[in-house]
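Chain residues, written in single-letter form:
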Amino acid sequence: MIYVGIDAASEKHDVFIMGPNKTRFGSSFQIKNTKQEYKKLLSKINEAKKFFKDSNVCIGVESTGVYSTTILEYTSTLDNCEVVFINPVLTNMFQLSQKVHYAKTDSIDAEGICMYLLKNYDELRTYTPISYHIKQIKSLERELSNINKLLNKNINKLTGIIHITFPEFLGIFPKLKGKVCFSLLSEYPIPSDYHGKHLSTIYKFCLDHSKGHFSETKAEKLILSSKETIGVYNTSDRIIIKQLASLILLLMEQKKEIIIELNKLVKEHCPVLLTIPGIGSITAAAIIGEIGDINNFKNADSVLAYAGLSLRVYESGKYKANQVSITRKGSSYLRNAIFQTARQIVRRDNTFKSYFEKKLSEGKTYNCAIGHVTKKLVRVIFSILKNNKDFKSVNN
């Protein structure tokens, strides 16, 4: 077996090739992130095959976020090559286990990946490229998550300003949400903008932006409040409020567009997840987008570990921790989606509800009991995706 270690970076990748019995094939070398340089890598691998008279190749690519994506996808298309996607924590721990102190450079790390492959080959799983549709789902779901964060941040900021400039507005709209609310703040940012406006003008504006669901009494109260407000404001507040409200409206439109596309993709490519009580299209998108190809996972426990939901056990001598927490080392997107589903499924499915109540009766706290539910839920998700069967079939 020929081992190829690749330490991926943004503009270049360090590569080291090793044959059987730790035999080096030259020194480490670098390739740039271009098609021509990738062909150089392939040429070097073919040279190594002839030199060692061995056609079996195992390529290890260390996970470095977006930087490892292109080289991973390229190597996974090569003939007669097994590709392993490796967590850098594992390779670092492995190298520390070999030497307490070691110099850390990209070329040394590439050699370390080769050594890790050689020592752990029988336990490693070959990487399976994620389908085009799953990549779409993951990309859109993560963008949706980013948009939600931006929305919350800007809405909170806008709420703070409205508390100062027009506190009565929050009496009419206790929570800043909905198109009509932000459209008003974009068109009439400060109370003085309502002065001189006829009731019919404000009422029509609100009707147009609320699909007809707005009362004339509410519009009248809005105008009256603008005249009697205790708010403190100036022209700079008008600019800030208008820009924030306009940005929020834009983000809301972007969010809507992404949700429509995600609904379509999830229903078409992973409908089995939607059979689980409490899982909608967005949650299903987060789960399948992060898991990708279920065949990349050996069992449900490996999915738990990837989500950072496995327990951090600590024992030493006679000491054994009474309380343990989850590792939280993994995909936070997947972990949050599973937690959300766990909270919903205990309300919607009798089997999970009974299991949850059993844990509570044993003296477990709510969060601890939900933690046990997440483990059971992950086993169900793993079975559903592995066998492509809906929830009822798996549960019966």
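First, a word on scope: everything that follows refers to the structure included in this document. (Residues numbered from 1 in each chain as written. Predicted model: local features only at pLDDT ≥ 70, side-chain atom pairs only at ≥ 80, totals over all residues. Heavy atoms only, no water.)

One broad trend across soluble globular proteins is that nonpolar side chains are buried collectively. Phe-169, Leu-176 and Leu-184 are the most contacted members of the largest nonpolar core, which totals 78 residues. Among all residues touching Leu-184, those that are not within four sequence positions of it are Phe-169, Phe-173, Pro-189, Tyr-194, Phe-205, Cys-206 and Leu-222. (Core = buried A, V, L, I, M, F, W, Y, C linked by side-chain atoms within 4.5 Å. Buried < 20%, exposed > 50% of the residue type's maximum accessible area, 1.4 Å probe, protein only. Contact = heavy atoms within 4.5 Å.)

Okay, the pairing of strand β1 (residues 2-8) next. Of all 7 residues making up β1, 7 are buried, and the element is well covered by its neighbours. Sheet topology note: the β1/strand β4 (residues 57-62) ladder contains 5 bridges and is parallel. Bridge pairing in β4 links Gly-5 to Gly-60. For β1 and strand β2 (residues 12-18), the ladder comprises 6 bridges, and the chain directions are antiparallel. Looking at the pairing, Tyr-3 lines up with Met-18 of β2. Linking two consecutive strands that pair antiparallel, namely β1 and β2, is a turn of 3 residues. (Helix = DSSP H or I, 4+ residues; strand = E, 2+ residues; numbered from the N terminus. Pairing = 2+ DSSP bridges.)

Strand pairing in a sheet relies on backbone hydrogen bonds. The paired strands run either parallel or antiparallel. Read from one edge to the other, the open sheet built from 5 strands follows the order β3-β2-β1-β4-β5, with strand pairing classed as mixed. Bordering the open sheet on either side are β3 (29-32) and β5 (81-86), each of which pairs with just one other strand. Taking each pair of neighbouring strands and ignoring which way they run, the sheet shows an average axis angle of 25 degrees. On the sheet, helix α1 (residues 35-52) packs against β1, β2, β3 and β4 and is oriented at approximately 145 degrees with respect to β3. (Axes fitted to C-alpha atoms, helices over the stretch in contact; angles between N-to-C directions.)

So, on to the layout of surface pockets. Roughly 1900 Å³ of internal volume is contained in the largest pocket. The element contributing the most residues to the lining of the largest pocket is helix α5 (residues 132-165), with 6 residues. When the residues that make up the lining of the largest pocket are grouped by side-chain class, the tally is 17 nonpolar, 18 polar and 10 charged. (1 Å grid on protein atoms, 1.4 Å probe; cavity = no way out; pocket = protein on both sides within 12 Å on 5 of 7 lines; lining within 4 Å. Points joined across faces, edges and corners; volume = space filled by probe spheres on them. Nonpolar A, V, L, I, M, F, W, Y, C, P; charged D, E, K, R; others polar.)

Scanning the entire structure with this criterion turns up 9 salt bridges. Two residues, Asp-14 and Lys-12, come together in a salt bridge whose shortest N-O distance is 2.6 Å. Judged by its relative accessible area of 4%, Asp-14 falls in the buried class. The exposure class assigned to Lys-12 is partly exposed, which follows from its relative accessible area of 22%. Note that Arg-142 is salt-bridged to Glu-290, the shortest N-O span being 2.8 Å. Placement of the pair is Arg-142 in helix α5 and Glu-290 in helix α11 (residues 281-291), with a sequence separation of 148 residues. The class of Glu-290 is buried, set by a relative accessible area of 4%. (Salt bridge = Lys/Arg side-chain N within 4 Å of Asp/Glu carboxyl O.)

A complete count under the given rule lists 15 aromatic pairs for this structure. Plain terms: the ring middles of Phe-25 and Phe-52 are 6.0 Å apart, the flat faces sit at 55 degrees to each other, and that makes the pair tilted. Of this pair, Phe-25 sits in the loop between β2 and β3 while Phe-52 is found in helix α1, placing the two residues 27 residues apart along the sequence. The class for Phe-52 is buried, based on a relative accessible area of 17%. Centre to centre, the rings of Phe-166 and Phe-169 are 5.8 Å apart; their planes meet at 50 degrees, and the pair counts as tilted. Each of the two residues, Phe-166 as well as Phe-169, counts as buried. (Phe/Tyr/Trp six-rings, centres within 6.5 Å; stacked < 30°, edge-to-face > 60°.)

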